[in-house]
Every structure is written in structure tokens, then in C-alpha cells.
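Observations on chain architecture
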Amino acid sequence: METLIPTINRLQEVFLTVGADIIQLPQIVVVGSQSSGKSSVLESLVGRDFLPRGSGIVTRRPLVLQLINVSPLKERLKVENGVKAEEWGTFIHCKICRHPFFFFFYIFGISPEPIYLKIFSPNVLNLTLVDLPGITKVPVGDQPEDIETQVQEMILSFISNPNSLILAVSPANSDLATSDALKLAREVDPDGRRTLLVVSKLDLMDAGTDALEVLLGRVIPVRLGIIGVVNRSQHDINTQKSLEDSMKDEQTFLQRHYPSLASRAGSRYLAKTLSKLLMHHIRDCLPELKTRVTVLSAQYQARLNGYGQPVEDHSATLLQIVTKFASDYCNTIEGTARHIQTTELCGGARICYIFHETFGRTLQSIDPLGGLTDLDILTAIRNATGPRPALFVPEVSFELLVKRQMKRLVEPSLRCVELVHEELQRIIQHCSSFSTQELLRFPKLHDSIVEVVTGLLRKRLPITNEMVHNLVAIELAYINTKHPDFTDAAQVSASVNSQQAEAVDGGKRWKNEKAAEEKTPATGFSSPSKGQAINLLDTALPVSRKLTSKEQRDCEVIQRLIKSYFLIVRKSIQDSVPKTVMHFLVNHVKEHLQSELVGQLYKQPLLHELLIESQDTAQQRTEVAQMLEALKKANNVISEIRETHLW
């Protein structure tokens, strides 16, 4: 059990070297208001005057005080720590500063950073204490306006540690119900399981009163106990009364005024109680502490592995990173990457979606006859027959019109290429962020890889676009009316005729139509009626007119033929464009990515420049390595304690 407190002291020193407070170590935190007697209580535990004194807040930084019991100088077999003195102190953060007590002092500055002090003496018990600034309400002198808030936040940051014991100091000549120390302790320890109350200044109570009820816990019960002490007066300090004499006077006072509690009160009893409480508390916290150190060691080891080792072989390192990036890039396309996103489609899955959902649905939404009016069809038919009236639907008009419609497939096809190109660009960032963490260590290499891959994609984009243009151009080059899936023109014509057949005799219907034409003013392409002035230069083409049955029949035949052939071409384009994009863009990039990266980057003049680490990475690796080393030392320190020593 006696080794537990020195073990915690060693752990404090270990983590002090890395300036981190990631482990909440067991310790005793001293809390009290200004002039509550905190300093006198601590000095009585040490047995020496060593704390600064004065008006206002003198203690302005936390003081972590480690009391180390050593053998008397005459009994030592060797000189300890290079000091030939009965008692001495050492600042842990300044190990070369070792002072006998008559040279012992320090100056406080306003800061939450603690001062670590070890005191070696044969007259102290092993103990670890944290002295905090006294609680104050009103700023005095050069104190900031929010001094009360600053002090309370500092105190709460220490006593909120669930592994800390709270030593609340409250003077006997004030009402415990208004004790600031107990109030703060109750905020973080409402059950009082971690709180020990010290009632100071028992000798300053009003005549005829005593603190017996308080010390017996009948006023405010405290789980760990209540201990009364008598502090040195200012007169004792001014006359340089020794602490040893003060303790004798304290014991005399207790025997006279509190005989039933004299054996359970006073500074000596307080020191023994604190040492015993701390040892048992450390024993209870040790298993959880060991688990915490083990877990943190694994976490920091993983972080250190992520930063990688400093570069020694630049050639091998560059080849390794380039190869890994190229592999991760290709795996992302193939869907075999280690880091698979679950929030959105990426890589090959996104390309598949573009081909079959975005591009496919866009083509399906294109109307084969969109933008094509009956007047356009009639104009094409008449232009194809020249000066002679057409007896049959001319094939030239069909080809002219179907080519016009087929050209509408070019834009969505090129947009499909653009979307795949954008996704291949996104994969670069995906690999940089998730798959190749080591690449982030070298900003210049990262930027160079992005530039090379982007250049390769940019170079392949116009080639792929040209091939997609050629796909449509190939379809436009030859209209295959003998295609197995194309509807025969004669069948279409017969079908249209049968649908337009009427019960009325064809000749009678023709006469009726003729009579209607004579009664109705001619429009469109028909000749102007008699009596109208004819102006060949100014006659405008009518926007619309009623079609004859023959014109309707011819238009419908052309429309059906266009739709039939357009669907054939659309199906072909929908199948061939993804294949073209895969061959000329996606697969080409996959096959030539690594060779392109090696060819562009693996050059001796560039190796050292590309593999310069960012300052942040180097600093973070150093900090993580130091923390990991501290955790390993802490684990070794804890492992030295045998379980048989805990009980």
C-alpha cells in the first residue's frame, strides 16, 4: 500500500513530460476561500514555511505538491538525488533546480498551468496535494473584474476529476451553511463520497462557543469525515514561531477544549488521515486507470501508424505511394475498395448509375417526333419530288427527316461522357481522403498526383467525345431500311390506308372534298382563288391549314417510319455510348494510370521535393510518439505494482 502514492507521483511526472492531462490521476485537491487557513494547513502537513503570503490572492496558479518521505540524513547509505540536506524541494518541470528550504521560494503568475513541486523530508508522510487559489468575491488591486469566475472555473476543472478527493477548508468562526468550499464541493460531489472537511481556526471562535457539533457531523454531515485544526496566528508568523511548537500548542488546545476529539483532530491526525484515504482511493482507482492507459496506448499507436515513418528511401517511398494510389483508384472503380461509402454512390457504382439511369432515362424521354410538325413533313415530301406531284411517299424525304431526329441523340450522349469524366475526377479526392492516408503527409506529392491524373483525364476527354460523335455520324452515314427491326414502308402504307377507309364511296368522298375546296379560300401550297391579286414576291407561307386525306396519309406514313427507325438507332446509341466511354476513357485511365504517374513523377530531381512532409504532419507525429512513449512508461509503472500489494 505504501508504494501507491509514489506510483501516482511517478505517473504525474511521466505525463508532465508531454504536457498532457489525458489521464485523470487520483489526488487530493485543497479548496477554500481566501484567508480560510489553507496555507497554514498545508504548511503544517509539510512542517515548513514555504508558501507565499500577503494580502489579496497570493496563490494565483495551482500548486501540485508531492510529499516524499525519506530517511534522515544520518541514516542514509548514499546521498539521494545529489543533495546533502535533511530536507529539500524540487520543481519537477525544472529538475536541476533543487533547493534546501532556506532557499525555497516561487513567484506566481496568473495562469491555470500548475506548478509541480516535490518535497523530500523525513518528517512528512507520502502524500499528493493540489493547492488552488482561494475563492474570492470582489476584485482587489490589479485583479481582473472576472476574478471570481476565473478562480471558480479553475477549481471546478480540478475537483470535477472523479478520481480526485476534495479537501474543503472552512474556518470555524464562520457559518458552514455559507461555506464556499463546501458549496463547490457539493456541485461535483453531491453525495459527499469524495469530500473531507477541515474546520480551521478552532481557537478563534467567540467566547462561550465551540465547534463540537460541527466536528461530530451533526450540523453538516460529510462522508469522509470532519477534522478540526488550530492554525498559526499572524503573531506566531511574525515572531517566527516554529511549526513544531505550533503543533504542540495545537495539541494542548485540543486536549483542553475538545478532550473527546483530541485524538481525532489536529494537523498530525489530518496528515495520517489524508495519506490513508489517498492510498485506499488509489487502490480503488488503479484497475480503471490501468485499463485507460491500455486503451489510450492502442489508440495512439494506431494514430502513429497512420502518420507513417520518416522517409529514408525516397525512391521506394514514392513508388509505394504511387502504386497504392493507382490501386485504390482502380479498386474504387471496380467496387473492391476497402473504404466503401454508405451515404452516396461513388466510383464504378456511380458510373453504372450514369449509364443505365441518367443516360438511359434521358434517351427514353426523347420523343422520336419531337419538334417535327406535319408542315415540316409535307415540305420535305414536296421538296423531294421537285416540280412533279408525288404519287408515292419519296424515300429521300424520310431520310432527310429521320437524320434530323437522329442528331438529337448527340447532346445527351456527350453529356453522358461529361458526367463520367466528372466522376473520375471525384474518385481522385475520394482516394486522397480515404484510401491513401499516407499521401496526405506530402502536400506537394498529393498535388502532383492530382495534376497528373487530371491531365490524363483531360487528354482522354476530347478523344472520347470524338468517338461518341462518330457513333452518331456512323448511323447518319447510312440509313439501313433493310434492318430486321425496321417496319416495311409498304406495310406501313397499307396499314394507314386501312385505318382511313370509310363507308362512303371513294369517288363521292373525292367530289365532296373538291366542292369543299372550291368553296373554301385556298391556303398553303394550293393555288390562289380566282379574282385574287397574285404577288409571288410577297406571298407568305401559311402557318397551318387543313390537310387533305392524302396528305394526312403521307404524313402518318412518314411519322411511323421515322419512329420505327429512330427507336432502332436510339437503342443502338444507348448500348454503344457506354461501351465507348468505358473503352476510350475509363478502361484507358485504369490501364495507364500507374505508368503515367511513374513516368511523370519518378524523376530524381523531383524525389526530395515531392516527399517533403507538411509541418503539421511532422509535428503531430512527434507529439503522438511522445505521448505513446509516456503511456508505455505509465503502463510499466502501474505494472510494477503487484496485486498482493493492493490489500
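Scroll up a little and you will see the structure.
Here the structure is a predicted model, which means the values were calculated and not measured.

Right, let's talk about helix H19 (residues 615-639) for a bit. In this model H19 runs 36 Å from its N-terminal to its C-terminal C-alpha over 25 residues, within 8% of the 36 Å that 1.5 Å per residue would give. Taken residue by residue, H19 has Thr 617, Arg 621, Val 624, Met 627, Leu 628, Ala 630, Leu 631, Ala 634, Val 637 and Ile 638 as its buried positions. Against helix H1 (4-16) and helix H8 (267-307) lie the buried residues of H19.

This part takes up the pairing of strand S8 (residues 195-200). Burial of S8 is extensive: 6 of the 6 residues sit out of reach of the surface. On S8, burial covers both faces: Thr 195, Leu 197 and Val 199 on one face and Leu 196, Val 198 and Ser 200 on the other are all buried. As judged from the 6 bridges shared by strand S7 (residues 164-171) and S8, these two strands associate in the parallel manner. The residue bridging Ser 170 from the neighbouring strand is Val 199, located in S8. Each parallel crossover has a hand, and the one from S7 via helix H4 (residues 180-188) to S8 is right-handed. Alignment of S8 against strand S9 (residues 226-228), held across 3 bridges, turns out to be parallel. In the strand pairing of S9, Leu 197 is matched with Ile 226.

Any two side chains of opposite charge can pair if their charged atoms end up close together. Inspection of the entire model under this criterion finds 19 salt bridges. The closest approach of N and O atoms between Lys 241 and Asp 249, which form a salt bridge, is 2.1 Å. Here Glu 423 makes a salt bridge to Arg 426, at a shortest N to O gap of 2.5 Å. Of this pair, Glu 423 and Arg 426 both sit in helix H13 (residues 410-435), 3 residues apart, roughly one helical turn. Overall, the relative accessible area of 3% leaves Glu 423 in the buried class. Under the relative-accessibility criterion, Arg 426 is labelled partly exposed at 36%. Put simply, Glu 344, Glu 423 and Arg 426 are held in one network by salt bridges that share partners.

Rules of the game
- The numbers attached to residues start from 1 for each chain and follow its sequence in the written order.
- A pLDDT threshold of at least 70 governs which residues receive local features in this predicted model, and a stricter bar of 80 or more applies before side-chain atom pairs are shown or counted, although totals over entire chains, interfaces and linings include all residues.
- Computation of side-chain values covers all heavy atoms of the structure but excludes hydrogens and water.
- Secondary structure is summarised from DSSP: a helix means a run of H or I of at least four residues, a strand means a run of E of at least two, and numbering begins at the N terminus for each.
- What a helix is expected to span follows from its residue count: subtract one and scale by 1.5 Å.
- For the exposure calls, accessible area comes from a 1.4 Å probe over protein chains only, and a residue counts as buried if that area is under 20% of its type's maximum, exposed if over 50%, partly exposed in between.
- Note on definitions: a residue-residue contact is assigned when non-hydrogen atoms from the two residues lie within 4.5 Å.
- For two strands to be treated as a pair, DSSP must find no fewer than two bridges joining them.
- Looking down the strands as they point away from the viewer, one classifies a crossover as right-handed if the path from the first strand across the helix to the second runs clockwise.
- We count a salt bridge whenever a side-chain nitrogen from Lys or Arg sits within 4 Å of a carboxyl oxygen from Asp or Glu.

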